Every structure is written in structure tokens, then in C-alpha cells.
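# Topology and contacts: notes
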Amino acid sequence: MLKFIVKKLLEIVPVLLIISFIVFTLVFVAGDPVALMLPDDATQEDINNLREAMGLNDPFIVQYGNYMLGVLQGDFGDSFRYNTAALPLVLERLPATLELAAASMVIAILIAIPFGIWSATKRNTILDLFVTGTSVVAKAMPNFWLGIMLILIFSVTLGMLPVSGHGTWQHLILPAITLGTGIGAEMTRLVRSSMVDILNQEYVRTAKSKGINRFFVVYKHAFRNSLIPVITITALQISTLVGGALITETVFSWPGLGQLLIQAVNTRDMAIVQASVFVIAILVIVMNLIADMLYRVLDPRIKY
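Parameters and conventions
Residues numbered from 1 in each chain as written. Predicted model: local features only at pLDDT ≥ 70, side-chain atom pairs only at ≥ 80, totals over all residues. Heavy atoms only, no water. Helix = DSSP H or I, 4+ residues; strand = E, 2+ residues; numbered from the N terminus. Buried < 20%, exposed > 50% of the residue type's maximum accessible area, 1.4 Å probe, protein only. Contact = heavy atoms within 4.5 Å. Core = buried A, V, L, I, M, F, W, Y, C linked by side-chain atoms within 4.5 Å. Axes fitted to C-alpha atoms, helices over the stretch in contact; angles between N-to-C directions. Left-handed = near helix turned anticlockwise from the far one by under 90°.

For the rest of this paragraph, the subject is the overall build of the protein. Scanning the protein for helices and strands turns up 13 helices and two strands. A total of 304 residues make up the protein; the buried ones form 40% of that total. In the protein, once contacts between residues fewer than 6 apart in sequence are set aside, the share between residues at least 24 apart is 74%.

Here the focus is the nonpolar core. Ranked by internal contacts, the top residues of the largest apolar core, which has 62 residues, are Tyr 67, Phe 76, Met 187, Met 195 and Leu 241. Secondary structure elements with two or more residues in this core: α1 (2-30), α4 (60-72), α5 (86-121), α8 (169-199), α10 (214-225), α11 (227-251), α12 (257-267) and α13 (270-298). The element that contributes the greatest number of residues to this core is α5, accounting for 14 residues. Not counting chain neighbours up to four residues away, the residues in contact with Met 195 comprise Ile 117, Ala 120, Val 218, Ala 222, Phe 223 and Ser 226. Grouped together as the second largest cluster of nonpolar side chains are six residues, Leu 146, Ile 151, Leu 174 and Phe 252 included.

What follows concerns the packing of α5 against α8. α8 packs onto α5 with a crossing angle of 35° between their chain directions and a minimal axis gap of 5 Å. Like other packed secondary-structure pairs, α5 and α8 cross with a definite hand, here right-handed.

Turning our attention to unusual backbone geometry. One non-glycine residue, Asn 83, lies in positive phi territory at about 55°. Position of Asn 83 among the secondary structure elements: in the loop between β1 (78-79) and β2 (84-85). By relative accessible area, Asn 83 is classed as exposed at 70%. Non-glycine residue Ser 253 carries a positive phi angle of around 50°. Relative to the assigned elements, Ser 253 resides in the loop between α11 and α12. Residue classification places Ser 253 among the partly exposed positions, given a relative accessible area of 37%.

Spelled out as C-alpha cells, the structure:
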């Protein structure tokens, strides 16, 4: 396993280099941040001096080289909006996003596993059609629309939950449901298809023919073997959770990384954008690495 982990860690390096180049290039062509940093009455001399001080007059390759030298030292530059180093500010917002992502994933799993198994064991019945149809509708609903509907129903009309903000577990409920519903719907269909395939395997039919309790056949024999594709999609959904959090955090004024990144894009705060994307990329890569290691635990036949 150690050799496998070392190999995967070495593969991370070129991936991060490619991501850093793409992000830097997109930010470079997005526009001149100096126009937003200075007041409207700034003179051309003020603009030129600030561009020179920020190194924006250097050629692209020189700017990228200076950027990478800073990244290797953990320095993504300073945010002109907050007047502080970008990376610590991003890491300060990260726990709120991880809290929302974790709660959303719990909700997605609570939706996917029981309904997916239920649908698979009642295949081609009205219940199966209902679960499948509902999952398609839930997946198709945009996060921002679902969030607004939940606010109107549970906050404005019923007054049961806070409209926005962060602080108590009640503030977490609506954003987590908003973010977890679509992912839960997709995972439900995956659990169903995986369970249907496993339930048709010879060893499952043999277990049934021996008179083993149906509960143990489904949950002990079939469900465990159906988890491998589920873990794959769960790890891949981490990027979806963080990406979906961009909109969800804005709708609910959740003080996480998503809201910070949206604000940084709107104000062309390059340091915040680059640091945020870099941190998100590392997070996604680490989750995929964990998923690869879990395969071996669930299925000893899989070799590294």
C-alpha cells in the first residue's frame, strides 16, 4: 500500500502544475484588476505605478514564474480587497464549506442507500418507478431554485428555520438539504443499478436458495459488494459538493469558501481566486486517493 500511496502522491504534482497554469492563464486574460483597485479619479500615472508595483507589466511567462515561486512557498499573494494574504483567508473559510459539504453528503447518503436498496428489491413495481422518477426530478432541480423554495416554505411561510447565516445547527439544515438533494438523487440511481446487478449474481441466488434470512442476503451479501461503485461516485461528488456550494453559499449567505470565491471573481481578486481553486483541487485529489484505498478494504480481490 505504501508504494501505491507514494505513486499517487507523485502523480499529484503534474496535475497541480496543470491546474495552476490553467487558473493563472484564465485570471490573466480576465481583465486588469488595477481598474477596480483604484478610485475613478486616479490618474494614468497612478495606474502605471500600481501595475509596475504588482508586476503586471512583466511578460506572461515572467508573471507565471513569479507566481509559481510564491506558490512553492505557500504564498499566493495578497488580496487587495481584504488587504491580507490570500491563502490564510481561504483556509479560514474552508471549515465552513467542509461543514456544509459533510452535512450535505450525510443527507445524500441517507437518501441514496435506503431508497436505492428499496427500489432495487422492488424492481419494476410502482414503488420502483416512483423512486426512479423522483430521483430524476430531484437531480434536475437547480440548487438556487431549490434553495429559494426551501427558504420561502420553511423560513418565510412557516418560520421554522433561519433564512440565512451561520452559527447554529438550524442554520445548516436548509443549505445541506439544498446541496445534498441532487447528489442524493444521483447516488440513489447508482445504488439501485449496482444492487440490481449484485442481486442477480449466482452467490446471491444460492444464499436465497439455502433459506438465509432475506435481510442478511440483501444487506450482508449484496449491499457490501455494491459499495465499490458507490464509493467511486461519492468521492467524485466532493468536487460537485464544493462546486455546488458556490451557489448554495451565496443563496444562504453561508460564510464559506464558495461565497468568498464568487466575490473574488466578481472583483477580480486574483490572489483569492488562485488560492481557492488550488485548495479545492487538492481537496478533490485527496478524496479520490482515499476512495482508491477504500476499494482494497471493501474488495480484497482488487490489487494496487
